[in-house]
Amino acid sequence: MGSYCSSQAKFGKAGMPDIPALEAIADRLRIHSIRSTNAAGSGHPTSCSSIAEIMSVLFFHVMRYRISNPKDPASDRFILSKGHAAPILYAAWAEAGLFSVDDLLNLRKVDSDLEGHPTPRLSFVDIATGSLGQGLSCAAGMAYVGKYIDKLNYRVYCIVGDGESAEGSIWEALAFSSHYKLDNLVVIFDVNRLGQSEPTPLQHRVDTYKARLEAFGFNAYIVDGHSISELCKRFEEAKSVTGFPTAIIAKTLKGKKFPDIEDKENWHGKPLGTKGTEIIKLLQDELMKKGMDRKPAIVEPEKEISAVTLGDIKLAEEPNYVYSEKIATRLAYGTALAKLGRSNHRIIALDGDTKNSTYSIKFREAFPYRYVECFIAEQNLVGVAVGAACRNRTVPFVSTFATFFTRAMDQLRMAAISQANIKCCGSHCGVSIGEDGPSQMGLEDIALFRTIPGCKVFYPSDAVSTERAVELAANTEGICYIRTSRPETAVIYENTDVFEVGKGKVVKKSDKDQVLIVAAGVTLHEALKASDTLATEDIFIRILDPFTIKPIDRELILLNARECGMKIITVEDHYPEGGIGDAVSAAVCMEKEITLKRLAVTDIPRSGPGEVLLDMFGISARCIIQAVKEFIQ
């Protein structure tokens, strides 16, 4: 983007609100939003217009930030949860001087970072928004870090659309924010009455919003969202509130100041075309009459905040296990997490009230002030983690049962677009958990995380490899997923063994191997049992632990497959779609001579002892033996 070179940039002094100047800025933001969406031929100018005064007051009176460094860790944070109003966000930064207002005309062009909804490709955007209902969770994560981890006075502002307030994730975030008394958080509800296809359920019943927000523990104000003076007053009052987050319920009109469009249906997501040209002229004429070409001064943060060190994070102690002792990988996860916490004070842990099962409780016992209990609200759990990771302030480890991450698929999808640096651990995977039954069994989780761009998927098979997976995840930029199991399984690696992302290990081999078995977690141990039985019949198999399912070690698999007669069997405690079998299939699909057989859970399972279920659903040692014999006949 080009440099800012507008003759309009006459900044006044900081202090009392310059109401006429702020009103003028609001109208300029409207003009920019109309122009940019007209140039793009698409966009949401009416949704922008309803928050024009809010944006003007926030960016030119309330928030403290540095134009020279939009993501300065000392600056206030701003989240536009209603991401379809992106044009006015871009306009605000252009008016502030970050780049030329002429660049706004590049909205939605394929070679422009001014995309239809905000993403962190832009230097001033922390998280991607646009899938509605998610911004407030991320804002809450930022506010939590500000209050409890950084312990600094930056504030977090989040604009939520009234339409998206129907999303349950908004109310999860509100409950979280109130529980943790995030008085550094201000959420602004843009109550403009109109949704995409029809009016919102509450329309302009702002008293109902207020009652609900107060019931959720918020300090709540109702304001005329187009009154600069009311907005300035309430934002200022919010700064002195302690012990409660603040909600500003702004009664607004969609398409405000757009004649024949204001507060009318069927204008959502439409550029204004020739009507927009006429409206721009009206707004410009009004500005000319007022002679407003000044702007209030942007207030910078009072002090600098140093960057934190997030690289080269090590386990405080090396793994210390006895070969062949039985340890559940979920327990090893908790042990490793506590070790990381001792080596780096920016490691934090979040859980959804499953800490005594995932063993993140070990981290809480060691570092109670860096543990965040998010309760049974997995969408908010992931969103808070995304916010907590912003501006490289923490490395969040998020844990719950593997199957419950499916509830937060959209949050994880948006986390990838947000370039989030979060680490997820799903315990209780597969039928091996036993009697709890299918509702608790993670059988889709590998597929879910494999579909996320850039995500690394770890599936450790013993305590040593689990600790190393946790350590590697902490040092791997982006989203990582670690899959842990409930049953206790034998330690098969030496404490000094080295593990790498994308590198598997052959755990058993001979010169007589006829089939390559690729398995992980409990099924790797079933394969080892099968190997011992088959060896008594002079049948030998090679066993490969992939360690990471994404990326998978293609070279190692192909090398060993060639040495085993080009025969591969994959065995996984997961549904066939998207799991280990699919990952191996993708890795070897161009090799003409390879034959691949896949053992997986092919039906909805039931309650029962884990060992019984492994056999019932075709992934036990007995089933592996049968598959090998059929394969080599």
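In this text, all values refer to a predicted model and were calculated from it rather than measured experimentally.

K.L.:
Hey, could you go over the sheet that holds strand 18 (residues 541-545) for me, with residue numbers and the actual values?
P.N.:
Pairing in this open sheet of 5 strands is mixed, and the strands run 16-18-17-20-21 from one edge to the other. Because the sheet does not close on itself, it has two edges, and the strands there are strand 16 (505-508) and strand 21 (595-599). The sheet shows a mean angle of 25° between the axes of neighbouring strands, direction not considered. Judged from the 5 bridges that link them, strand 20 (residues 567-571) and strand 21 form a sheet pairing that is parallel. Looking across to strand 21, one finds that Lys567 is bridged to Thr595. Helix 17 (residues 522-535) contacts strand 16, strand 17 (515-519), strand 18 and strand 20 of the sheet and is inclined by roughly 165° relative to strand 18.

K.L.:
Give me the lowdown on the nonpolar core, citing residues and values where you can.
P.N.:
If you look at the biggest cluster of nonpolar residues, it comprises 86 residues, and the most contacted ones within it are Leu136, Ile422 and Phe449. A per-element tally of this core places helix 5 (residues 135-150) first, with 9 residues. Sequence-distant contacts of Leu136, defined by excluding residues within four places in its chain, comprise Ser81, Cys158, Val160, Ile170, Ala173, Leu174, Leu185 and Val187. Listed in part, the 63 residues of the second largest apolar core include Ala332, Val515, Phe617 and Ala621.

K.L.:
Quick rundown of the sheet that holds strand 14 (residues 480-483)? Include the residues and the values.
P.N.:
Across the sheet, which stays open at both edges, the 7 strands sit in the order 10-9-11-12-14-13-19 with mixed pairing between neighbours. Edge positions in the sheet fall to strand 10 (371-373) and strand 19 (548-550), since each of these pairs with one other strand and no more. Across this sheet, the average inter-strand angle for adjacent strands is 20°, counted without regard to direction. Sheet analysis places strand 13 (residues 456-458) next to strand 14, joined by 3 bridges and oriented parallel. Pairing of Val457 across the sheet is with Tyr481, part of strand 14.

K.L.:
Quick rundown of the pairing of strand 12 (residues 423-427)? Include the residues and the values.
P.N.:
In terms of burial, strand 12 is largely enclosed, as 5 of its 5 residues are buried. Of the two faces of strand 12, the one holding Lys423, Cys425 and Ser427 and the one holding Cys424 and Gly426 are both buried throughout. In this sheet, strand 12 lies alongside strand 11 (residues 395-401) in parallel orientation, the contact comprising 5 bridges. Pairing of Val398 across the sheet is with Cys424, part of strand 12. Between the parallel elements strand 11 and strand 12, the chain passes through helix 14 (residues 409-417) in a crossover that is right-handed. Bridging between strand 12 and strand 14 involves 4 bridges; their strand directions are parallel. The partner of Lys423 across the bridge, within strand 14, is Cys480.

K.L.:
Explain the domain arrangement of the chain residue by residue, including any values.
P.N.:
How large an interface is tends to be reported as the accessible area lost when its parts come together. When the domains of the chain are assigned, the result is domain 1 (19-290), domain 2 (325-491) and domain 3 (505-632). Each of domain 1 and domain 3 has a C-alpha centre, and these two points are 53 Å apart.

K.L.:
Describe in detail the pattern of salt bridges, supporting the description with residues and values.
P.N.:
Tallying each qualifying case throughout the model produces 40 salt bridges. Across the pair Asp312 and Lys314 runs a salt bridge whose closest N-O atoms are separated by 3.5 Å. For the salt bridge of Arg622 with Asp615, the shortest nitrogen-to-oxygen distance reads 2.8 Å. When its relative accessible area of 45% is taken as the criterion, Arg622 is described as partly exposed. It is possible to trace a salt-bridge network through shared partners that takes in Asp27, Arg30, Glu53, Lys257 and Glu286.

Definitions and limits used
- Residues numbered from 1 in each chain as written.
- Predicted model: local features only at pLDDT ≥ 70, side-chain atom pairs only at ≥ 80, totals over all residues.
- Heavy atoms only, no water.
- Pairing = 2+ DSSP bridges.
- Helix = DSSP H or I, 4+ residues; strand = E, 2+ residues; numbered from the N terminus.
- Axes fitted to C-alpha atoms, helices over the stretch in contact; angles between N-to-C directions.
- Contact = heavy atoms within 4.5 Å.
- Core = buried A, V, L, I, M, F, W, Y, C linked by side-chain atoms within 4.5 Å.
- Buried < 20%, exposed > 50% of the residue type's maximum accessible area, 1.4 Å probe, protein only.
- Right-handed = clockwise from strand over helix to strand, strands pointing away.
- Domains from an automatic or database assignment.
- Salt bridge = Lys/Arg side-chain N within 4 Å of Asp/Glu carboxyl O.

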